[in-house]
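Results of the structural survey
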Amino acid sequence: VSYHGKNRARGAVRWFSEKDEQAVFDAAMKSGSEGSFDIRAMDYPIKAQETEYVEFCFSREDILAQGVPDVEKLSIIGFEPIIDDDAKAMVHHLIIRGSPNTNDGQSQNCAGNSGIFGREQAYGWATGEGPMAFADNLGTPFGGVNGFQSFILETHYNNPDRVPGVVDSSGIRFYYTTQQREFDVGILPLGDPLFNLNGLSIQSGLSS
């Protein structure tokens, strides 16, 4: 086991359907969503180094500033990767983590969101993945008692040739509805959360 360097590939196969995945997603969002907001890097200059992890935090106020209605709770019903063409070869994967309300009813916002504590995975993307729409009775909660209050985007940049001067604005577009879904969606990470390889600490695991 070692760092992948340039030897990497990623793909996805959709079983039991011959329909165009993007077209199916677009139709679902057209009929079910009331709007969208973006969690993405904004003109981030990628370092000329082999690998880099960067975090971008979006508070509730940042999200509402994108025109999202200020209601108690929204249901997020779809996720769409928005990958910058200029940086496509260097964006290795994206992980969205959310900060929910704590036991005392207060949420950890960007200023107090250090480390993994207080964050839950909300979505993940890697090269080869398309958009994802939930079934009509499912949604990820934003706001409310159990919903996310802020989001952190973790972007892994892979730049083995150490190319300088590349600027990135990649991220994820969230589609939402103010109509509450029957069930709230969560992600259960499985596997070793951390292992050590020759002194290099690496996060690992599977999510479902």
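Keep in mind the model is a prediction, meaning the values are calculated, not measured.

1. Side note on the overall build of the chain
Counting its regular elements, the chain contains 2 helices and 16 strands. The burial tally for the chain puts 39% of its 208 residues in the buried class. Residue pairs in contact within the chain that sit at least 24 positions apart in sequence constitute 83% of those at least 6 positions apart. With an accessible surface of roughly 11900 Å², the chain has 52% of that area assigned to carbon and sulfur atoms.

2. Some details on the packing of aromatic side chains
When we look at a pair of aromatic rings, we describe it by the centre distance and by the angle of the planes. Counted by the stated rule, this structure contains 13 aromatic pairs. Residues phenylalanine 25 and tyrosine 175 carry aromatic rings whose centres are separated by 5.5 Å and whose planes lie at 80° to one another, so their mutual orientation is edge-to-face. Taken together, the positions of phenylalanine 25 in helix H1 (residues 21-32) and tyrosine 175 in strand S11 (residues 171-177) put the pair 150 residues apart, joining distant regions of the chain. Owing to a relative accessible area of 14%, tyrosine 175 belongs among the buried residues under this scheme. When the ring of phenylalanine 37 is compared with that of phenylalanine 142, the centres are 5.9 Å apart and the planes differ by 40°; the resulting orientation is tilted. Placement of phenylalanine 37 in strand S1 (residues 35-40) and of phenylalanine 142 in strand S8 (residues 138-143) is noted, with a sequence separation of 105 residues between them. A relative accessible area of 1% places phenylalanine 37 in the buried class. The rings of Phe37, Phe79, Tyr123, Phe134, Phe142, Phe148, Phe151, Phe174 and Tyr176 are connected pair by pair, giving a single aromatic cluster.

3. Topic: the confidence of the model for the chain
A residue-level look at the chain finds 76% of positions with pLDDT of 70 or above and a mean pLDDT of 83. Here residues 204-208 is modelled with pLDDT under 50, and outside its nearest four sequence neighbours on either side it reaches 16 contacts, counting other chains as well.

4. Comments concerning the nonpolar core
Ranked by internal contacts, the top residues of the largest apolar core, which has 31 residues, are Phe37, Ile39, Ile96, Phe151 and Phe174. Contributions of two or more residues to this core are made by S1, strand S3 (51-58), strand S4 (73-82), strand S5 (91-100), strand S6 (120-126), strand S9 (148-158) and S11. The dominant element in this core, judged by the number of residues it contributes, is S9, at 4 residues. Excluding anything up to four places from it in sequence, isoleucine 96 contacts Ile39, Glu120, Gln121, Ala122, Tyr123, Phe151, Ile152, Leu153, Ile172 and Phe174.

Analysis parameters
- Residues numbered from 1 in each chain as written.
- Predicted model: local features only at pLDDT ≥ 70, side-chain atom pairs only at ≥ 80, totals over all residues.
- Heavy atoms only, no water.
- Helix = DSSP H or I, 4+ residues; strand = E, 2+ residues; numbered from the N terminus.
- Buried < 20%, exposed > 50% of the residue type's maximum accessible area, 1.4 Å probe, protein only.
- Contact = heavy atoms within 4.5 Å.
- Areas by Shrake-Rupley, 256 points an atom, 1.4 Å probe, with all protein chains shown as cover.
- Phe/Tyr/Trp six-rings, centres within 6.5 Å; stacked < 30°, edge-to-face > 60°.
- pLDDT = per-residue confidence, 0-100.
- Core = buried A, V, L, I, M, F, W, Y, C linked by side-chain atoms within 4.5 Å.

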